Amino acid sequence: MNAYPLPRWATSFALPLLNLLSALLVAALVIFLLGEQPWQSMRILVKAAFLNAEGLGYTLFYASTLVFTGLAVAVALQAGLFNIGGEGQMYLGGLGLTLVALSFDASWSPWALIPLAMLASAVFGAAWAFLPGYLQARRGAHIVVTTIMFNFIAASLMNYIIVSHLIGPGQQSTASRQFLPSAWLPRLNQWLPELGQSPLNITLLLALAALALYALAIWRTPWGYGVRAVGLNARAAHYAGVPLSGAVIGTMMLSGALAGLGAANSEMGSGHHLTLNFTAGAGFVGIAVALMGRCHPVGILLSAILFGGLIQGGFDLSLEKPNIPPETFIFIQGLIILFCGAMENLYAPLLYRLLRGRQASAHV
Amino acid sequence: MFDDIQLSSIVVAMVRNVPVLIFAALGGLFAERSGVVDISLEGKILASAFTAASVAYASQNPWLGLLAAMAVSCLLALLHGLVSVQQQGNQLVSGMAINIAVSGLTFVLAQVFFQQGGRTPDLGGGRFAVVEFPFAEALAGVPVLGWIYTRLLGGHTPLVYLAFVLVPVVHWVVYHTRFGLRLRAVGENPHAADAAGVSVAATRYSALLLGGVLCACSGSYLSLVQSGLFLRDMSAGNGFLALAALVFGSWRPVYTALGCMMFAFFSAVQVQIEGVELPGIGKVPGSLIQMIPYVFTVVILAGFMARSVAPKAIGTPFVKSR
């Protein structure tokens, strides 16, 4: 099958790194064409995103959301399903969370409210992913097309719900009313004052736990074994007794639940209300995170931090360099997806030839 | 009670809206019939809209804008081909990447070129002119006939007529030409086509390029006809709606065009119905009507109304068998 057998360090480190460098090289070229100095811009970006505590706090704040949306894509990919619907599932998850928060934030203590709100976000996200999963498993409707459609349906539906029902009385912006502080996630700057104003909160710890649970569930449980078998060869898995539609629907619902949980960070951790389009593309970046991380928990964490850093550093860079608006980083995200996801084996032949050449000379 | 909703203006609005979808859907039809999934329609439309608007603004000539859009859109199609055909990479991921990259890049370039918050200035003379039918003024007063002649058939830009003419042309190309036969063979069973001496790669590349040209028409229509300027993310899901129309039409040109007409009809209804009291229902929010095409597509995909059959080899890279 594999035309270029490469050692594991090559496929899991060297290739992604080469791809990332190529993407950054193209990005640098574009920044150069915009009339700015790429190297200097890169230094400003790295400094703003990683080299000071507050900036790092923001980076990790964005990364915590991306870990969840990235995991959502990764879980589905393990079963061979390409879930593009993370955006819609996260949006709906935000609705579930908001309904709980708005109903109980006056009466319940945070200890009960926050877990219940998170549960609601997971349940709503899972419910939104159930139908595409069901249609894939039972009716053969391709998951990619249905999840794209469900993204649009979610956008229209949420537009209707927010504009027609959730806007507080006398409020101008298209958002629900602010949650009361009982629904606010505790921020880490209470304990680490160096983090400054950054909204980094306990979601980061939950994200790390989710990564560990993902690794355990996929590689250390019979369920995960079944899911991976379905992803590798659905027919063989079916023959071996794995219930196919159960695996497909179950994986999709878990994927949706993870995407839904992604809503908690930005809604309860930072803005404290449900706004129109609060997802801001996090569901799509999740695809890049999962692909670049090769669905490995450590890879997902690292690429989530990378993309979080791009968002945070991009904001700061755009303040200093008006020629590089934050949208530049949407373009760079696209480049990274292109190089790390679509053309992941671009350098495999080259690397293979290099390694084989060295081995051959070693044998002489 | 229906005074506020006028069927005639809905129909005219539909005719004005539908070319964007028809061009894109027919472009996607070529790509997907050749076995390459093309969710980058959206990105190609957006890139074309931006290129067409910028060039038309600079040159004050819409035809130059259209040509430039074709060049850019074909470059994107070649990039998609490089990934899907040559690299045998994931076609969905490539499409996503193109969409996201274009969405960011068009904004940045528009901002750098024109400094107006990511849009182009009003195009003025760079827009396509309306084709005036002979005797249009004389016939305008005649009931029904006058409306059909001046509003429904007349009063459009050349691209509208091109879109409607293309439907039978594409049908003929796909079902009655040598290229069409090869296209379908490569999309259904590339190994058989390859064994018969058809170059799978060449066929897929030409299909993608044809798709690029058609997406350029779609994007140019958006900026040079409908809005008269480029706006951020102005493709607004039209590329995905075109894909939905392909599913709806089971990848057949005429039915796909009918699907486009239906979707354009719904969006025209949405504009008309916004804020109008309907008897028995009350006000129907526009965002709920916006949902209808997508719900429809899911229902059809699920096979509850009609079976949609995709090209067999769609999405699988072709590796020559030995």
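Check the entry above for the structure.
In this text, all values refer to a predicted model and were calculated from it rather than measured experimentally. (Residues numbered from 1 in each chain as written. Chains lettered and ligands numbered in written order. Predicted model: local features only at pLDDT ≥ 70, side-chain atom pairs only at ≥ 80, totals over all residues.)

*Asks:* Would you mind going over the overall build of chain A with me for this structure?
*Replies:* Looking only at helices and strands, chain A features 14 helices and zero strands. Helices and strands in chain A line up, N terminus first, as α-α-α-α-α-α-α-α-α-α-α-α-α-α. The C-alpha atoms of chain A give a radius of gyration of 22 Å, which matches the 21 Å a tight globule of 364 residues would have. The C-alpha extent of chain A, read off along each of the three principal axes, is 80 × 60 × 35 Å. Counting only residues that meet the buried cut, chain A has 54% of its 364 residues in that class. (Helix = DSSP H or I, 4+ residues; strand = E, 2+ residues; numbered from the N terminus. Rg over C-alpha atoms; globule rule 2.2 N^0.38 Å. Buried ≥ 20, exposed ≤ 12 C-beta atoms within 10 Å, placed from the backbone.)

*Asks:* Can you help me understand the environment of Leu6(A) in this one?
*Replies:* Residue and element names in this part refer to chain A. Here Leu 6 is to be found in the segment before helix 1 (8-33). The exposure class of Leu 6 is partly exposed, given the 18 C-beta atoms found within 10 Å. The spatial distance from the C-alpha of Leu 6 to the C-alpha of Leu 45 is 34 Å, given a sequence separation of 39 residues. For Leu 6, the residues in contact, after removing those within four places along its chain, are Thr 11, Ala 348, Leu 351 and Tyr 352. (Contact = placed C-beta atoms within 7 Å.)

*Asks:* Can you help me understand the packing of helix 8 (residues 222-232) of chain A against helix 10 (residues 244-271) of chain A in this one?
*Replies:* Helix-helix packing is described using two parameters, namely the angle between the two axes and the distance between the axes. Residues and elements named next belong to chain A. It is the contact of helix 8 with helix 10, at a shortest axis distance of 10 Å, that shows an interaxial angle of 100°. As summarised for this structure, helix 8 and helix 10 are arranged roughly perpendicular, according to the angle between their axes. Mapping the contact onto sequence places Gly 226, Val 227 and Val 230 in helix 8 and Leu 244, Ala 247 and Thr 251 in helix 10. Across the contact of helix 8 with helix 10, the residue classes break down as four nonpolar, two polar and no charged. (Axes fitted to C-alpha atoms, helices over the stretch in contact; angles between N-to-C directions. Parallel < 35°, antiparallel > 145°, perpendicular 65-115°, else oblique. Nonpolar A, V, L, I, M, F, W, Y, C, P; charged D, E, K, R; others polar.)

*Asks:* Help me understand the interface of chain A and chain B, please; the structure alone is not making it clear to me.
*Replies:* Accessible area lost when the parts come together is the quantity often used to give the size of an interface. The interface is formed by 37 residues belonging to chain A together with 36 residues belonging to chain B. For the side of chain A that touches chain B, the secondary-structure elements that each account for two or more residues are helix 5 (110-139), helix 6 (143-166), helix 11 (282-292) and helix 13 (328-342) of chain A. The greatest single-element share of the side of chain A that touches chain B, amounting to 12 residues, is contributed by helix 6 of chain A. Among the residues making up the side of chain A that touches chain B, the classes are represented as 24 nonpolar, 10 polar and three charged.

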